[in-house]
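Residue-level structure breakdown
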Amino acid sequence: MKAKKLIEVALPIKEISAESVRDKSIRHGHISTLHLWWARRPLPVCRAIVFASLVPDPLDDNCPEAFKYAVEMLLNTELGKLHYKPYKDIPYTSIVDEMEDNHRNRLMMFIGKFSEKCQENMKACKSTPPKEQLDEGSLIKWENKNNPKILRIARELIFVAYQSDKRPDATWEELHAEFDKLYDAIPKAETALYELKDRHIETDKVKQLETELQTAIEAFQNEMPSVFDPFAGGGAIPLEAARLGCRSYGNDINPVAHIIERGSAEFPQKYGKPIVYSKEEFEKLYGEEGIKMAQEDERGITFDGKAYHIPNRLAFDVEFYAKKILAETEKEVGYLYPADEKGNKPVAYYWARTAKCSNPSCGAEVPLLKQFYLANTKKKKVYLNPLINGTDIQFEIKKGSCEHLMGWNKRGNITCPCCGSVTSVDKVKEQSLNHRLNERLIAVIYDSDHGKEYKLPNSDQIEDSKKYYDIKYLPKEEMARNSGGGDTHPWGYTKWCDLFTNRQLHVINVLIEKLQALTKQLPQEEYSKTVKTYLSMWIDKALCFFTSFCTWHVTRETMNNIFARQAIPMIFDFVEANTISGTTGSLSNMLDWITLYLKSESIIEFPSFFANASSGEMNQFGPKELAAAVTDPPYYDAIAYADISDFFYVWLRNILNKEYPITFATPKTPKTEECTALKHYHNDNEQDARKHFESKLTEIFSAIEFQTSDIVSIMYAHQSTEAWSTLCNSILGARMNITGSWPMDTEMMGALKTDKAFLESSVTVSCRPSERKGFADFDEVKHDIRQLVKAEVEKLYGLGFRGADLITACFGQAVSVFGHFKLVETAEGDPVSVGQLLEFARVSANQSQVDNVPGEPQSKFYYGWLQMNGMKESSFDDVNKYTRVGVNVEIRQLRQDRLLITDGNMQHLATAEEHLGNNTTWGTQPSDYMISQVHRMMMAYRMGNQVQLLKLVRDLCPQSDAPQWRVLDFLGGHLPEGKDLNDVKGILASAEMLRQKCKETAVPTEGALDF
Ligand SMILES: C[S@@+](CC[C@H](N)C(=O)[O-])C[C@H]1O[C@@H](n2cnc3c(N)ncnc32)[C@H](O)[C@@H]1O
Ligand SMILES: [Zn+2]
């Protein structure tokens, strides 16, 4: 028997969550800033999951001795003593729990540990800046992604785990010595190659040193486990697997994803390395411009009189050539964006589409404006003031509020400002379908010392905006109709080229022409292809801010890129950036993001290997060749990857088809093999879409099961039972079972997690090949599941999970019980499906939540009823049935207590206001109904009565584990939109502050709080 892997028994999910939420706001050098890809996983989760899938649980009886030793030695050194000693008590639970100092806990602390400061703050109910939350020894901390000490420990632990699995008799000392030898050979070989002058010229010496480095890397990686991600997307998981020293593989069916992956996790690690040029060579290659760049401090280039030392060859080249292209493009198209009278260049143009008023005696061409602000921040208000003269519509730009002005466009219906008549949205669409809507330049935006400035366009600017250009390369491919909401098709915008103004198309064409001309001059080798790939990604990035579907964010005074959502909705007013200026979203701004990424991810020695292919190929790897598969499959129908990525594909294909002939062989990205449940590819049939998703997923998981020796870890972030049952069916269908299940916060969130529309956490399940044996009776299985789910709900609640996140997190546990058996049957002998099972798990989890919410029967009735029926009217019979089955209370009593409000034969649950009515004492004493106490707090909050609210908190619930808080949490997850929910959210958002204030002031006074 082999030991269980850490991921099957324990994970520091609070710590991973904290760093993952932080990850979403990290920008400089972060993978997400290299190129847009949808639904990226945060790096800390990926790093933690890969690591925990590869190392055994040190407390497992079968854990190899050598590994236990490795933990002892590596996490117990001077450095380790400081950082990896477990918490005295687990800081995020309200109960003070001892955390034993054992090897498993040390390993957990190595993955992620809250800093001393953060632990102190948690106890004092204070928040800690995201950057300071984790201890500096944590593997998953952003600052440690290139930390040689920490990476060395992680890699050695993985090495020892992998080797001792293969060679149980090997001792720690032997393995430690082997690791050192293999590992230390790499930097030696690197130094020899990277210090060699003019290594860009292929001499025998260069070839020899390159081979030596390659050999050293291979010798090391041959002894490390292989990790595969069959749905690699933006490449986060392979990037992290390689960071941990593993041989890392990734597939994606999507050509755009493939290019991004290579740009993220192959090229920087291969080519983003130091180079030394002799003076002559450098000057020959880069001329005056290059010398100038070398002299600027920011690139860290040194010149010793004879040679230039460049820290990152790839970052330098990409920047150098991009700047060249930009300068040449500017020469050719700069005049299209003329300066104002003072010589200031505009940074962006504000346009509106226009439609003709359908009143035949008017016919005004009306700008389709929904509102008139150009800037609407706290400190600055600027708007367009309409000047109407007959059917002529002009504007002036004014400062101040324009709340008095009603927009002319309401969901596409226009109210004419000249004659007042309404043109219906259908009529407007008709015009748009016939000849598309006209576009009118309304304002020009400038950067100035005191922020953005808005001006009316001058005649040159209007003239230039109207010029027509012949476009050589026009992407005329059809856009798929957006499945993710928002659709431009009914308006006649059906081709990718329809998303750009003619001037934009012209500029893009010039850019591409310059790029092609320049890269043709570079030596035809793999390295030049790499440089060209980044130059293409750079144009791609700028395109996101260079369409006629980018909007202006008036409260931030910035541009939204076209993918503010995961679909392209119809837009009536848009902003055209002056992409050759230096502003946000411009080419030079985008270049900065790319070079920042290159500099930040080039230090790792190990490139990943990517295939642009649909996964599921049995022969891609040998049987059990992979140690682990870690992946993040598409979430059912949440994102139509192939459809939206065509936005990039149609341009990339034009630029890179020679370099990547197979990747860009088809006119559009491949659609039919994509593993998603999109109805529009299955004649709008939901069942067929689901079947397709499930069978693709099963095929892919089956191949992985065949190829993987240990763990398959799958991340999933969809909350519907439907999506989960397809995922679980595929896991079981591929002869695996779930052995661990971990929810982790991965999205940015407000103080409160009550938005039911999406999950803020993703769930990672670890799976293993498993034999399903025998038959089971559903009733028995139900019993086990109920127990498991109950325990899980309690544990996860303690860890801060709420609402849909909490329920979904129980699915993995439920399936693991089910997956032991070949067949589970009902008493009638009918087979039970995974869907039925998950429905049962959901009900059990809901029930456990109600069971766990404190209160006397009357309050319990309230919770249970709310969970089942919400605040809707229900018939008398329903209520009767519920009280009989559920809780032991008299209906009469419920009415008297005004918890149920009756109207004829119908009744509904009382709102806080209905329940308390004019009564002034209910809910003020600890002996009152729990629900009354909470309603009292809600009403105090609603009335802004701070003194009373503080008094209630002090008298009823001064501690964070007081039951009232749990009731509030529950209500927050179950109340419908409305006043009650707002109150609950408000109180929860200030809960910490309220409790703190109670401690500080014995007697609450007016003005103590500021909501
Ligand atoms: C949720 S995303 C992965 C995101 C990734 N973990 C990241 O952090 O960027 C799922 C990916 O699966 C890819 N995909 C869909 N069907 C596929 C198939 N049949 N074979 C390989 N990849 C596929 C999609 O193109 C998409 O990039
Ligand atoms: Zn009119």
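Predicted model only: the values in this text are computed from it and were never measured.

1. A short note on the sheet that holds strand E23 (residues 761-769)
- Ordered by their spatial adjacency, seven strands build an open sheet running E19-E2-E1-E20-E21-E23-E22, and the pairing between neighbours is mixed. Edge positions in the sheet fall to strand E19 (609-611) and strand E22 (736-745), since each has one partner strand and no second. Neighbour-to-neighbour, the strand axes of this sheet turn through a mean angle of 20°, independent of strand direction.
- Note: strand E20 (residues 626-631) against strand E21 (residues 708-716), five bridges, orientation parallel.

2. Details of the site of ligand 1
- Around ligand 1 lies a shell of 25 residues, among which Arg-41, Gly-234, Asp-252, Asp-632 and Cys-675 are the nearest.
- Contact between ligand 1 and Ile-253: a nitrogen atom at 3.3 Å from a main-chain N or O atom of the residue.
- In this structure, a nitrogen atom belonging to ligand 1 sits 3.1 Å away from a side-chain N or O atom of Ser-614.
- Protein contact buries 100% of the 600 Å² of open area that ligand 1 shows by itself.
- Partitioning the shell around ligand 1 into residue classes produces 13 nonpolar, six polar and six charged.

3. Here we look at the coordination of the zinc ion (ligand 2)
- Here the zinc ion (ligand 2) is held by the protein donor atoms Cys-357 (SG), Cys-362 (SG), Cys-416 (SG) and Cys-419 (SG), which lie 2.3 to 2.4 Å from it.
- One way to put it: the four donor atoms around the zinc ion (ligand 2) meet at angles of 102 to 114°, and that makes the site tetrahedral.

4. A closer look at the packing of helix H22 (residues 686-707) against helix H23 (residues 721-733)
- Where H22 meets H23, the axes come as close as 8 Å, and the angle between the chain directions of the two elements is 35°. Here H22 and H23 pass one another in a crossing that is right-handed. Of the residues in H23, those in contact with Arg-690, Phe-693, Glu-694, Leu-697, Thr-698, Phe-701 and Ser-702 of H22 are Glu-722, Ser-725, Thr-726, Leu-727, Asn-729, Ser-730, Ile-731 and Gly-733.
- Here the residues of the contact of H22 with H23 sort into five nonpolar, seven polar and three charged.

5. So, helix H35 (residues 979-989)
- For H35, every residue scored as buried is listed here: Asp-980, Leu-981, Asp-983, Val-984, Gly-986, Ile-987 and Leu-988.
- Looking at the buried side of H35, the elements it contacts are helix H31 (912-916), helix H32 (930-942), helix H34 (963-974) and helix H36 (991-1000).

6. Quick notes on a negative patch on the surface
- Together, Asp-779, Glu-780, Asp-784, Glu-828 and Asp-830 make up a negatively charged patch on the protein surface.
- Summarising the element assignment, Glu-828 is placed in the loop between strand E25 (823-825) and helix H27 (834-852).

7. Observations concerning the nonpolar core
- Ranked by size, the top nonpolar core spans 271 residues in total, and within it Phe-51, Phe-110, Leu-157, Tyr-350, Trp-538 and Phe-647 carry the most contacts.
- For Leu-157, the residues in contact, after removing those within four places along its chain, are Phe-51, Val-55, Phe-67, Ala-70, Val-71, Leu-74, Leu-75, Leu-107 and Phe-110.
- Among the nonpolar cores identified, the runner-up in size contains 42 residues, and Leu-866, Ile-931, Ala-940 and Phe-970 belong to it.

8. Some remarks on the pairing of strand E6 (residues 348-356)
- Here E6 lies mainly inside the structure; eight of its nine residues are buried.
- One ladder, built from seven bridges, connects E6 with strand E14 (residues 438-448); its direction is antiparallel. Counterpart to Tyr-350 in the pairing with E14 is Ala-443.
- Across five bridges, the pairing between E6 and strand E18 (residues 573-577) is antiparallel. Counterpart to Trp-351 in the pairing with E18 is Phe-574.

9. A few points about H27
- The end-to-end C-alpha separation of H27 is 26 Å, in line with the 27 Å expected for 19 residues at 1.5 Å each.
- Along H27, the residues that are buried comprise Val-834, Leu-837, Leu-838, Phe-840, Ala-841, Arg-842, Ser-844, Ala-845, Ser-848, Gln-849, Val-850 and Asn-852.
- Buried residues along H27 sit in contact with H23, helix H24 (778-798), helix H25 (803-808), helix H26 (811-818), helix H28 (857-869) and H34.

10. Considerations on the sheet that holds strand E9 (residues 381-389)
- Overall, antiparallel pairing links the three strands, which are arranged E8-E9-E10 in an open sheet. With one partner strand each, in any of the chains shown, strand E8 (373-376) and strand E10 (392-399) form the two edges of the open sheet. The average undirected angle you get between the axes of adjacent strands in this sheet is 25°.
- Across three bridges, E8 lies against E9 in antiparallel orientation. Residue pairing in the sheet places Asn-376 in a bridge with Lys-381 of E9.

11. Section: the packing of aromatic side chains
- Tallied over the full model, the rule gives 50 aromatic pairs.
- Both rings, one in Phe-500 and one in Phe-647, keep their centres 6.1 Å apart while their planes meet at 15°; by these two values the pair is stacked. Separated by 147 residues along the polypeptide, Phe-500 in the loop between helix H17 (459-466) and helix H18 (502-520) and Phe-647 in helix H21 (residues 641-656) bring together distant segments of the chain. Each member of the pair, Phe-500 as well as Phe-647, carries the same accessibility label: buried.
- Joined through ring pairs, the aromatic side chains of Trp-37, Trp-38, Tyr-473, Trp-496, Phe-500, Phe-563, Tyr-641, Phe-647, Phe-648 and Trp-651 make up one cluster.
- In this arrangement the basic side chain of Arg-313 is found over the ring face of Tyr-527, its NZ or CZ atom lying 3.8 Å from the centre.
- Over the ring of Phe-549 we find Arg-353, and its NZ or CZ is 4.6 Å from the ring centre.

12. Quick notes on the pattern of salt bridges
- Throughout the structure, instances matching the rule amount to 57 salt bridges.
- Among the ionic pairs, Lys-284 bridges to Glu-281, the shortest N-O distance being 3.0 Å. In this pair, Lys-284 and Glu-281 are both assigned in helix H14 (residues 279-295), three residues apart and thus about one turn of the helix distant.
- A residue is classified by how much of its surface remains accessible, and Glu-281, at 12% relative accessible area, is buried.

13. Quick notes on the confidence of the model for the protein chain
- Across the protein chain, the average pLDDT comes to 91, with 94% of residues at 70 or higher.
- The low-confidence segment residues 749-758, where pLDDT is below 50, has 20 contacts with residues more than four positions distant or belonging to other chains.

14. Brief notes about the state of the cysteines
- Counted by the stated rule, this structure contains zero disulfides.
- In this structure Cys-46 is a free cysteine whose sulfur lies 13 Å from that of Cys-246, the closest cysteine sulfur available.
- The closest cysteine sulfur to the non-disulfide-bonded Cys-497 is located on Cys-550, 16 Å from its own sulfur.

So, how was this worked out
Residues numbered from 1 in each chain as written. Chains lettered and ligands numbered in written order. Predicted model: local features only at pLDDT ≥ 70, side-chain atom pairs only at ≥ 80, totals over all residues. Heavy atoms only, no water. Pairing = 2+ DSSP bridges. Helix = DSSP H or I, 4+ residues; strand = E, 2+ residues; numbered from the N terminus. Axes fitted to C-alpha atoms, helices over the stretch in contact; angles between N-to-C directions. Near = heavy atom within 4 Å. Polar contact = N/O pair within 3.5 Å; in protein donor to acceptor, adjacent residues only side chain to side chain. Areas by Shrake-Rupley, 256 points an atom, 1.4 Å probe, with all protein chains shown as cover. Nonpolar A, V, L, I, M, F, W, Y, C, P; charged D, E, K, R; others polar. Donors = N, O, S within 2.8 Å, 3.2 Å for Na, K, Ca; no water. Tetrahedral: all angles 85-135°; square planar, octahedral: opposite > 155°, others 65-115°. Left-handed = near helix turned anticlockwise from the far one by under 90°. Contact = heavy atoms within 4.5 Å. Buried < 20%, exposed > 50% of the residue type's maximum accessible area, 1.4 Å probe, protein only. Patch = residues over 30% accessible without salt bridge, like charges linked within 9 Å, V, L, I, M, F, W, Y side chains within 5 Å. Salt bridge = Lys/Arg side-chain N within 4 Å of Asp/Glu carboxyl O. Lys, Arg positive; Asp, Glu negative; His and termini not counted. Charge placed at Lys NZ, Arg CZ, Asp CG, Glu CD. Core = buried A, V, L, I, M, F, W, Y, C linked by side-chain atoms within 4.5 Å. Expected span 1.5 Å × (residues − 1). Phe/Tyr/Trp six-rings, centres within 6.5 Å; stacked < 30°, edge-to-face > 60°. Lys NZ or Arg CZ within 6 Å of the ring centre and 35° of its normal. pLDDT = per-residue confidence, 0-100. Disulfide = S-S within 2.5 Å.

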